[in-house]
Amino acid sequence: MSTIIDVSSVSKSYGGVKANTDISLTVETGGITGLIGPNGSGKTTLFNSIVGYHPIDEGSIKFEGQEISKKLVPEIARLGLLRTFQQTRIYGEMNCVENMLISLPHRKLSLTDAFKKNTRADRDKAEQFLDFVGLYEKRFLQAGSLSFGQQKLLEFAMALMNEPTVLLLDEPTAGINPTLINGLIDRLKRANSEFGITLFIIEHNMRVIMNMADKIYCLAHGEMLAEGTPAEIQDDQRVIDAYLGAH
Amino acid sequence: MSKTLFYIILGIITVIAPFAFPAFQTQLATLWLMIIVAQSWDMTGGQMGYNSLGNIFFYGTGMYVAAVVTIGLVYPVGEYTGAAGGGIYTFTPDEYFLGMALSIPAAGIFCALCAFIIGYVTFGLRGPYFAIGTLGVAIAGGEMVSNWDWIGGGQGISMPSYPYNFDQFKTVIYFLYAILGIALFFFCRWLYQTRFGAAINAIRDDEGKAEAMGIHTMRYKLIAWAISAFFVGAAGAISAFQLIHFEPLETAYQTINLGIFMVVCVLLGGKGTLWGPVIGAVMFHVFKELTWNYFLGWQWVALGALIVVVVVFFQDGLMGYLKYKRPEWFGIAVDTKEAKV
Ligand SMILES: Nc1ncnc2c1ncn2[C@@H]1O[C@H](COP(=O)(O)OP(=O)(O)O)[C@@H](O)[C@H]1O
Ligand SMILES: [Mg+2]
């Protein structure tokens, strides 16, 4: 497997808070990579650095071999590197289908395409993905009226609609009804295997990530604590301590 | 009643009105102007969430482009303005109508280019900063023009007058506005159904999300404002012909009159809707004419009170109120029981 995201020696601080210190990791093409760590360990900060949300203090971030640490959010998104938000961001005033149609990959549209109406095929695709995440019945409801968990599913469907090469998911199962988590894990795996999307997932829930990832990185206090296969991470005493210590 | 029939009836009223109520032709022309500037304002203010207080810049600039083009086709502009009505400058009917035909689109195109350039700077601003920044542009525009003697400076500039009789002139002006207004309405009706329309709505609802999804936010913002500026500039050009003489601060770059009225119209009718600006412009125009006729001396107080009431109690305007009361009219699904995830 080849490397698609290459983070090397990245540091980022907010004023006095060192949110990330000298982080290096790689995400392999076609795989599912996990990023775990207690609350406040710097996971979201690292995602924000990768997608260009803020400038990093030190280090380099490469996507498909290209340096992206100086690029802006929309430029990086248009390379096919997409993220979802921990706090879930959807367009609340619009219904689900409209949310999906807005998420068409604009990077693949020419300027004249942008001045066309959505096609039947676009709508079909929107409904297919809504069906895929289990929101088909709710497709004409205002997105803002959905529950938090349903909004997370919608945001995931919107990301799929965008046809990303790599999808960064920030705690995709947080706030989802526990009875639905297995279904979501299954869909994440299918997004990876059927649609060929490389996944990089922040997950607080150990059971969830152990089930999905082929490689896991664990952060603590902004530093890389451990990396390895799910089995290695599960048995790593430092990881266990970090998680226990956090509670 | 089918939609087509509705549009046909409105179209017939539009054509008949100036002949049925000849005394009101100028009033009706002004109503169309209000509809145009309100509808254009809503494209960025309502549909895209960028509240400009400087769109009047394009109106004023459109007027001056009309003057420069129309006069410049026949005489050196500086010499014409330098004479300040002293010399004999005549325009044949052909020169007049050629000026009209060229300068209205030229004003639109020039203003669209201005919007691209100004927008490149001002779209870095968000929320109230954008509103104030654009207002600054309009004020600066007026001041610059009033210090520019080549186009008449603070004295303003005079257009050639209409070569035939005055009644015909009023009718021509009415139809120029009406055609532009109708073109704008149907253009918006189409535009808001395209992916571009959806994209500017996304920018309004959550620009950060739109950026994160790879939407060309800057490109679309510039295009939306340029389209808006095109129509305001073209309307300004028509106003230049209508008013014959105009000066920079009170007429062309009239920030506190038309510059604010266009926003009030949209708020009254309902932001971000196709019909809101049209209905709002009608409501506003009727209100304004009534107060100007029956409360003379108090008209500004009444207008100020109206603005306060609208901003405090009816921010979503008439269309927003209807949407809330009758969501099904707008195709908004409220709840379905069969839904299960
Ligand atoms: N915008 C910000 N400004 C200041 N401090 C922040 C900001 N975002 C995060 N932090 C701090 O950085 C650290 C890492 O936060 P975060 O990356 O959100 O952790 P995680 O996602 O692992 O829970 C925390 O101490 C947090 O308080
Ligand atoms: Mg986080």
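In case you missed it, the structure is sitting above this.
Here we look at the coordination of the magnesium ion (ligand 2)
Residues and elements named next belong to chain A.
Part 1 of the reasoning: All of the protein donors around the magnesium ion (ligand 2) are Thr44 (OG1) and Gln86 (OE1); their distances to the metal are 2.0 to 2.3 Å. Placement of the pair is Thr44 in helix H1 (residues 43-50) and Gln86 in the loop between strand S6 (81-83) and helix H3 (96-102), with a sequence separation of 42 residues.
Part 2 of the reasoning: Accessibility expressed as a relative area gives 27% for Thr44, which makes it partly exposed.

Some thoughts on the packing of helix H2 (residues 25-45) of chain B against helix H11 (residues 258-269) of chain B
All names here are of chain B.
Part 1 of the reasoning: Contact pair H2 / H11: the axes reach a minimum separation of 8 Å and the direction vectors enclose 75°. For the element pair H2 / H11, the angle class is roughly perpendicular. Contacts between H2 and H11 involve Leu33, Met34, Val37, Ala38, Trp41 and Asp42 from the former and Leu258, Phe261, Met262, Val263, Cys265 and Val266 from the latter.
Part 2 of the reasoning: Considered class by class, the residues forming the contact of H2 with H11 number 11 nonpolar, no polar and 1 charged.

Considering the site of ligand 1
All names here are of chain A.
Part 1 of the reasoning: Close to ligand 1 lie Tyr14, Val17, Ala19, Pro38, Asn39, Gly40, Ser41, Gly42, Lys43, Thr44 and Thr45, which account for all nearby residues.
Part 2 of the reasoning: Within the backbone of Ser41, one N or O atom sits 3.2 Å away from an oxygen atom of ligand 1.
Part 3 of the reasoning: The contact in question runs from an oxygen atom of ligand 1 to an N or O atom on the side chain of Thr44, over 2.7 Å.
Part 4 of the reasoning: Coverage of ligand 1 by the protein amounts to 59% of the 560 Å² it exposes when considered alone.
Part 5 of the reasoning: At the level of secondary structure, the elements contributing two or more residues to the shell around ligand 1 comprise strand S2 (17-28) and H1.
Part 6 of the reasoning: Broken down by element, the residue count for the shell around ligand 1 peaks at 3 residues, all from H1.

Quick word on the pairing of strand S4 (residues 58-63) of chain A
Residues and elements named next belong to chain A.
Part 1 of the reasoning: Bridging between strand S1 (residues 3-14) and S4 involves 5 bridges; their strand directions are antiparallel. Bridge pairing in S4 places Val7 opposite Ile61.
Part 2 of the reasoning: Here S4 folds back onto strand S5 (residues 66-67) in antiparallel fashion, the turn holding 2 residues, of which Glu64 has a positive phi close to 50°.

Considering the interface of chain A and chain B
Part 1 of the reasoning: If you look at the interface, chain A gives 40 residues, while chain B gives 33 residues.
Part 2 of the reasoning: For the pair chain A and chain B, the summed buried area comes to about 3200 Å², and 62% of that belongs to carbon and sulfur atoms.
Part 3 of the reasoning: For the chain A face of the interface with chain B, the top three residues by lost area are Tyr91, His106 and Phe115 of chain A, together amounting to 21%.
Part 4 of the reasoning: Our enumeration of links across chain A and chain B arrives at 3 salt bridges.
Part 5 of the reasoning: In this structure, the salt-bridge partner of Arg89 of chain A is Asp206 of chain B, at a minimum N-O distance of 2.7 Å.
Part 6 of the reasoning: On inspection of chain A and its partner chain B, the count reaches 14 residue pairs in polar contact (both at pLDDT 80 or more).

Quick notes on the packing of aromatic side chains
Two measures describe an aromatic ring pair: the distance that separates the ring centres and the angle between the ring planes.
Part 1 of the reasoning: All told, the structure shown has 44 aromatic pairs over all chains when counted by the stated rule.
Part 2 of the reasoning: A centroid spacing of 6.2 Å and a plane angle of 25° characterise the contact between Phe97 of chain B and Tyr164 of chain B, whose relative ring orientation is stacked. Taken together, the residues span a long stretch of sequence, with Phe97 of chain B in helix H5 (residues 93-122) and Tyr164 of chain B in the loop between strand S1 (157-158) and helix H7 (166-191) at a distance of 67 residues.
Part 3 of the reasoning: By relative accessible area, Phe97 of chain B is classed as partly exposed at 30%.
Part 4 of the reasoning: Taken together, a centroid distance of 5.4 Å and an interplanar angle of 80° make the contact between Phe230 of chain B and Phe231 of chain B edge-to-face.
Part 5 of the reasoning: If you follow Arg89 of chain A out to its NZ or CZ, it ends over the ring of Phe85 of chain A, 4.5 Å from the centre.

Observations concerning the side chain of Ser11 of chain A
Residue and element names in this part refer to chain A.
Part 1 of the reasoning: Examined against the element boundaries, Ser11 turns out to sit in strand S1.
Part 2 of the reasoning: By relative accessible area, Ser11 is classed as buried at 13%.
Part 3 of the reasoning: Those residues in contact with Ser11 that lie beyond four places of it in its chain are Asn20, Thr21, Asp22, Ile56, Asp57 and Glu58.

Here we look at the pattern of salt bridges
All names here are of chain B.
Part 1 of the reasoning: Across all of its chains, the model carries 16 salt bridges over all chains by this definition.
Part 2 of the reasoning: Among the salt bridges present, the one from Arg126 reaches Glu207, with a minimum N-O distance of 3.2 Å. Remark: Glu207 occurs in helix H8 (residues 195-212) and Arg126 occurs in the loop between H5 and helix H6 (127-146); sequence separation between them is 81 residues.
Part 3 of the reasoning: Taking the relative accessible area as the measure of exposure, Glu207 reaches 8% and is therefore buried.
Part 4 of the reasoning: Of the charged contacts in the structure, one is a salt bridge between Lys221 and Glu207, with a shortest N-O distance of 2.7 Å. One end of the pair, Lys221, is in helix H9 (residues 217-243); the other, Glu207, is in helix H8, and 14 residues separate them in sequence. An identical accessibility class is assigned to Lys221 and Glu207; each is buried.
Part 5 of the reasoning: Residues joined by salt bridges that share partners form a network here, namely Arg126, Glu207, Glu211 and Lys221.

Overview of a negative patch on the surface
All names here are of chain A.
Part 1 of the reasoning: On the surface, a cluster of negative charge is contributed by Asp22, Asp57, Glu58 and Glu223.
Part 2 of the reasoning: By the element assignment, Glu223 lies in strand S10 (residues 223-228).
Part 3 of the reasoning: The exposure class assigned to Glu223 is partly exposed, which follows from its relative accessible area of 44%.

Here we look at a nonpolar patch on the surface
All names here are of chain B.
Part 1 of the reasoning: Taken together, the side chains of Val282, Val286, Leu290, Tyr294, Phe295, Trp298 and Val301 make up a nonpolar region of the molecular surface, amounting to roughly 760 Å² of accessible area.
Part 2 of the reasoning: It is helix H12 (residues 276-294) that contributes the most residues to the nonpolar patch, 4 residues altogether.
Part 3 of the reasoning: Summarising the element assignment, Phe295 is placed in the loop between H12 and helix H13 (299-313).

Comments concerning unusual backbone geometry
If a residue is not glycine, its phi is most likely negative; likewise, a peptide bond is most likely trans.
Residue and element names in this part refer to chain A.
Part 1 of the reasoning: Here Ser9, not a glycine, exhibits a phi torsion of approximately 50°, which is positive.
Part 2 of the reasoning: Residue position: Ser9 is located in strand S1.
Part 3 of the reasoning: When its relative accessible area of 35% is taken as the criterion, Ser9 is described as partly exposed.
Part 4 of the reasoning: Not every positive phi belongs to a glycine, and His221 is a case in point at roughly 50°.
Part 5 of the reasoning: As for its position among the elements, His221 is in the loop between strand S9 (215-220) and S10.
Part 6 of the reasoning: For His221, a relative accessible area of 72% corresponds to the exposed category.

Definitions and limits used
Residues numbered from 1 in each chain as written. Chains lettered and ligands numbered in written order. Predicted model: local features only at pLDDT ≥ 70, side-chain atom pairs only at ≥ 80, totals over all residues. Heavy atoms only, no water. Donors = N, O, S within 2.8 Å, 3.2 Å for Na, K, Ca; no water. Helix = DSSP H or I, 4+ residues; strand = E, 2+ residues; numbered from the N terminus. Buried < 20%, exposed > 50% of the residue type's maximum accessible area, 1.4 Å probe, protein only. Axes fitted to C-alpha atoms, helices over the stretch in contact; angles between N-to-C directions. Parallel < 35°, antiparallel > 145°, perpendicular 65-115°, else oblique. Contact = heavy atoms within 4.5 Å. Nonpolar A, V, L, I, M, F, W, Y, C, P; charged D, E, K, R; others polar. Near = heavy atom within 4 Å. Polar contact = N/O pair within 3.5 Å; in protein donor to acceptor, adjacent residues only side chain to side chain. Areas by Shrake-Rupley, 256 points an atom, 1.4 Å probe, with all protein chains shown as cover. Pairing = 2+ DSSP bridges. Buried area = accessible area lost by both parts, 1.4 Å probe. Salt bridge = Lys/Arg side-chain N within 4 Å of Asp/Glu carboxyl O. Phe/Tyr/Trp six-rings, centres within 6.5 Å; stacked < 30°, edge-to-face > 60°. Lys NZ or Arg CZ within 6 Å of the ring centre and 35° of its normal. Patch = residues over 30% accessible without salt bridge, like charges linked within 9 Å, V, L, I, M, F, W, Y side chains within 5 Å. Lys, Arg positive; Asp, Glu negative; His and termini not counted. Charge placed at Lys NZ, Arg CZ, Asp CG, Glu CD.

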